[in-house]
Amino acid sequence: MDGHPDVAAFAERIGHADAVIVITPEYNHSFPGPLKTAIDAVRDQWRGKAVGFVSYGGMSGGLRAVEALRVVFAELHTVTVRDTVSLHNPWGPAADPEAEYPDHAAGRALHTMTRQLLWWASALRVARRGEPYPG
Ligand SMILES: Cc1cc2nc3c(=O)[nH]c(=O)nc-3n(C[C@H](O)[C@H](O)[C@H](O)COP(=O)(O)O)c2cc1C
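Conventions adopted
Residues numbered from 1 in each chain as written. Predicted model: local features only at pLDDT ≥ 70, side-chain atom pairs only at ≥ 80, totals over all residues. Heavy atoms only, no water. Phe/Tyr/Trp six-rings, centres within 6.5 Å; stacked < 30°, edge-to-face > 60°. Buried < 20%, exposed > 50% of the residue type's maximum accessible area, 1.4 Å probe, protein only. Near = heavy atom within 4 Å. Polar contact = N/O pair within 3.5 Å; in protein donor to acceptor, adjacent residues only side chain to side chain. Areas by Shrake-Rupley, 256 points an atom, 1.4 Å probe, with all protein chains shown as cover. Nonpolar A, V, L, I, M, F, W, Y, C, P; charged D, E, K, R; others polar. Patch = residues over 30% accessible without salt bridge, like charges linked within 9 Å, V, L, I, M, F, W, Y side chains within 5 Å. Salt bridge = Lys/Arg side-chain N within 4 Å of Asp/Glu carboxyl O. Helix = DSSP H or I, 4+ residues; strand = E, 2+ residues; numbered from the N terminus. Contact = heavy atoms within 4.5 Å.

- As recorded in an unreviewed UniProt entry, the protein goes by NADPH-dependent FMN reductase-like domain-containing protein and comes from Nocardia aurantia.

Laid out in structure tokens, this is it:
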């Protein structure tokens, strides 16, 4: 898979990024296999980057998938931000065109998460430019 042009393009994109937002559903209390395949297709480009999460699922809103992803991203030398955006049962209200969704709580969560992500992204960018990450 390493030599596939899509993988090279994805790795290059992660390499240019200061921060990445990962959007994940939850399947059987974790994140889906294809997402793991994509994460694993990139290696050094993840190092010293900031990662935030948006998740969705049933009542848990994909939070268990996010916690499982934190372990993976720690192994890849990234910094995952504490706050996340979590959407529970989004297919319910979303089916109603009159409903307001994402709701204000989700909007506030997105604001907090992106502020934390930007803070880490700029700090890590300065650090990476100062000296190579010791990984
Ligand atoms: C086999 C299977 C397992 C699932 N497990 C969970 C789960 O553990 N927690 C949860 O919140 N939702 C669970 N769901 C609901 C999915 O998160 C939901 O269907 C979601 O919309 C899937 O996202 P996708 O269609 O973008 O892949 C499960 C769905 C399926 C089909």
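## Observations concerning the packing of aromatic side chains
Step number 1: By the definition in use, this model includes 3 aromatic pairs.
Step number 2: Between Trp119 and Trp120, the ring centres sit 5.1 Å apart and the planes meet at 80 degrees, which makes this aromatic pair edge-to-face.
Step number 3: Residue class for Trp120 comes out partly exposed when judged on its relative accessible area of 33%.

## Brief notes about the site of the ligand
Step number 1: Contacts to the ligand come from Pro25, Glu26, Tyr27, Asn28, His29, Tyr56, Gly57, Gly58, Ser60, Arg64 and Trp91.
Step number 2: The side chain of Tyr56 places a nitrogen or oxygen atom 2.4 Å from an oxygen atom of the ligand.
Step number 3: For the ligand, the accessible surface in isolation is 640 Å², of which the surrounding protein chains cover 57%.
Step number 4: Considering only residue class, the shell around the ligand consists of 4 nonpolar, 5 polar and 2 charged.

## A few points about a nonpolar patch on the surface
Step number 1: A cluster of nonpolar side chains, namely Ile21, Ile23, Tyr56 and Trp91, defines an oily patch on the protein surface of about 420 Å² accessible area.
Step number 2: Here Tyr56 shows up in strand β2 (residues 50–57).

## Details of the side chain of Thr84
Step number 1: The residue Thr84 is located in the loop between β3 (79–80) and β4 (85–88) in this model.
Step number 2: Contact partners of Thr84, with chain neighbours within four places excluded, come to Phe53, Leu63, Val66, Arg70, Ala109 and Met113.

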